[in-house]
Amino acid sequence: MELWSRRKFFRTSLAGSALAGANKLFGRTPTNGDDALSLANLAPPAQGKRPLIISSANGLHALDKGMDILKKGGDTLDAVVAAVTVVEDDPNDDSVGYGGLPNEEGEVELDASVMHGPTHRAGSVASVRRIKNVSRLAKTVMENTNHVMLVGDGARRYAVAEGFEEMNLLTEHSRKIWLAWKAKTSFNWRPGIDSPEWKEHMAALFDGNEAEIAYAESVIAHPRTGTIPCMAVDAKGDISATTTTSGLSWKIPGRVGDSPIIGAGCCVDNEVGAAGSTGKGEENIKICGGHTIIEMMRKGMSPEAACLEALGRIAHNYKNDKKKLGTFHIYFYAINKDGAHGAASLWRNGYEKKHAVYAVHDGTEAKLVECTPYLDETGGDS
Ligand code: ASP
C-alpha cells in the first residue's frame, strides 16, 4: 500500500441535500471549486481505502450512487457511469449532459468516454447531439460494437438504433445564456448597441433576475468549461473510469475536447490506476495527459505527483510563461490500484476564485478535497 502524504486537506460536511443546496450558485452546481470549503475544516479523507470513487467537484452529490454499486460488489464501470448519469440528467449543471451550454449555433454537443480495466476495453463518442446520457452511449459502443469511437451524426443514429431517446438538450437557462452571448457578440442579435439598451435587453431576457444576468455576463466574458471525470477502484482492485462533458461553451460546431479521447481525458490500466481531466482539453490532448499520468504512476509516483507531472508538461509547452498559462485552466485527477487518490490544478483557484477541489467517496461519505496547485497562485481564465 502506498504511503501517501498531503500538505493539507480540507473537507466539508457534504452529506445531505442542505449543503448540496448551499453549493449551488444561482441554481447551478459549481464545476471545479466550491464555496463550501469555507464551511468546515475537518479530518482528511482516507488514502489507500478500497472501494474508492472520485470525480471532479461537480460529482459530489452523485458519488453515493457509484459507491452503493461498489459496496454491493458491482462492476466498477457500472459504478462510474451510474454516478455521472446523475450529473448528465441534472439540468442545473450547465457543463454536462442535459442543460449543457451549447456550441456557437445554440446546439448542445456532448463528448464522453469509458474504459473498463478488467477487460481492457474502451468506448467513446464525440460531438453527439440530442442524446443526453453519452457516458452510457460510450459504454454501449464499447460493449456492442467492434469500434472504440463514434462521432457526430453517426453516433446519434447509433444511439437511436440502440434505443436511446432523442431530445432537445437545451434548457431555458442554457438557451437564454446562449441568446445573451449572441446578443453580446453580434449586432444582428440585439436591439441596439448602446449600453442602456443592452441592459434593458438583458433585463428582458432574464425577467430582471440580477443573479441570472450576472451569471450570464460572467459566462459570456469567460466561456465556461466543465466536465465530470469519474474513476473507481473496487475491493478487488479492479478499475474503471468515464469522462462526460458538453465541452467548451460557444465552441465551433464539431469541436472535440479531451474528454472522449482515450489516453487524454480518460485513461485506465487495471494494473496501475486511472486518470481524468477537466479544463481546456486542447492542452491535455497535446500531452496525452491521462496516459502520461498512468505511466508516471506505473513508475511509482503517487496520483498527486503524477497529476503535477502532467501539468508540468503543459507549463513546459509554454516555457512556463504565466501570462500565456493564465489564459486557461486545467485539472487532472487520478487514483491508483491501492486506493490512493489525488488531483492537481494548474492554478490554485477553482470556480469563482475559491480553492480548486475534487470529490472523493472512500466508503464513508462524499467529501470535497483540495487539489494540489501546480502554480500556487490565482490564475486561469475560468
Ligand atoms: N475538458 C473539457 C473539454 O475541453 C471541458 C472541461 O472540462 O471543462 O471539452
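Residues numbered from 1 in each chain as written. Predicted model: local features only at pLDDT ≥ 70, side-chain atom pairs only at ≥ 80, totals over all residues. Heavy atoms only, no water.

A. Examining the overall build of the protein more closely. The helix and strand inventory of the protein stands at 12 helices and 13 strands. Counting only residues that meet the buried cut, the protein has 60% of its 382 residues in that class. For the protein, the proportion of contacts with a sequence separation of at least 24, taken over those separated by at least 6, is 70%. Roughly 14700 Å² of accessible area belongs to the protein as shown, and the carbon and sulfur atoms make up 52% of that amount. (Helix = DSSP H or I, 4+ residues; strand = E, 2+ residues; numbered from the N terminus. Buried < 20%, exposed > 50% of the residue type's maximum accessible area, 1.4 Å probe, protein only. Contact = heavy atoms within 4.5 Å. Areas by Shrake-Rupley, 256 points an atom, 1.4 Å probe, with all protein chains shown as cover.)

B. Seen up close, helix H4 (residues 134-144). Among the 11 residues in H4, 8 count as buried, and that is most of the element. Within H4, the full set of buried residues consists of Val134, Ser135, Leu137, Ala138, Lys139, Thr140, Val141 and Met142. Where H4 is buried, its residues contact helix H3 (76-89), strand E2 (110-116), strand E3 (121-128), strand E4 (149-151), helix H5 (152-161) and strand E6 (239-245).

C. Highlighting the nonpolar core. Ile53, Val80, Val125, Val128, Val134, Leu137 and Cys230 are the most contacted members of the largest nonpolar core, which totals 42 residues. The contact partners of valine 134, leaving out residues within four places of it in the chain, are Glu88, Leu110, Asp111, Ala112, Val125, Val128 and Thr244. Grouped together as the second largest cluster of nonpolar side chains are 23 residues, Cys267, Val272, Ile314 and Ile330 included. (Core = buried A, V, L, I, M, F, W, Y, C linked by side-chain atoms within 4.5 Å.)

D. How the structure looks around the packing of H4 against H5. Running from amino to carboxyl end, H4 crosses H5 at an angle of 80 degrees, the nearest separation of the two axes being 11 Å. As summarised for this structure, H4 and H5 are arranged roughly perpendicular, according to the angle between their axes. Only Ala155, Tyr158 and Ala159 of H5 make contact with H4, whose side of the interface consists of Leu137, Thr140, Val141 and Asn144. Residues that form the contact of H4 with H5 fall into these classes: 5 nonpolar, 2 polar and no charged. (Axes fitted to C-alpha atoms, helices over the stretch in contact; angles between N-to-C directions. Parallel < 35°, antiparallel > 145°, perpendicular 65-115°, else oblique. Nonpolar A, V, L, I, M, F, W, Y, C, P; charged D, E, K, R; others polar.)

E. Examining the pairing of strand E11 (residues 357-361) more closely. Here E11 lies mainly inside the structure; 5 of its 5 residues are buried. Linking two consecutive strands that pair antiparallel, namely E11 and strand E12 (residues 366-370), is a turn of 4 residues; a positive phi of about 110 degrees is found at glycine 363 within it. (Pairing = 2+ DSSP bridges.)

F. The arrangement of the pattern of salt bridges in detail. By the definition in use, this model includes 22 salt bridges. As a salt-bridge pair, arginine 156 and aspartate 153 come within 2.8 Å of each other at their nearest N and O atoms. Pair noted here: arginine 156 and aspartate 153 are both in helix H5, with a separation of 3 residues, about one helical turn. Glutamate 283 is paired through a salt bridge with lysine 280; the nearest N and O atoms lie 2.9 Å apart. A cluster of three or more residues bridged by salt bridges with shared partners is formed by Arg130, Asp153, Arg156, Arg157 and Glu166. (Salt bridge = Lys/Arg side-chain N within 4 Å of Asp/Glu carboxyl O.)

G. Local environment of the packing of aromatic side chains. One pass over the structure, following the stated rule, counts 5 aromatic pairs. Arranged with centres 5.8 Å apart and planes meeting at 55 degrees, the rings of tyrosine 318 and phenylalanine 328 form a pair that is tilted. Within this pair, whereas tyrosine 318 is found in the loop between helix H11 (303-317) and helix H12 (322-325), its partner phenylalanine 328 is found in the loop between H12 and strand E9 (330-336), the two being separated by 10 residues in sequence. Aromatic rings pair up to connect Tyr331, Tyr333 and Tyr358 into one cluster. (Phe/Tyr/Trp six-rings, centres within 6.5 Å; stacked < 30°, edge-to-face > 60°.)

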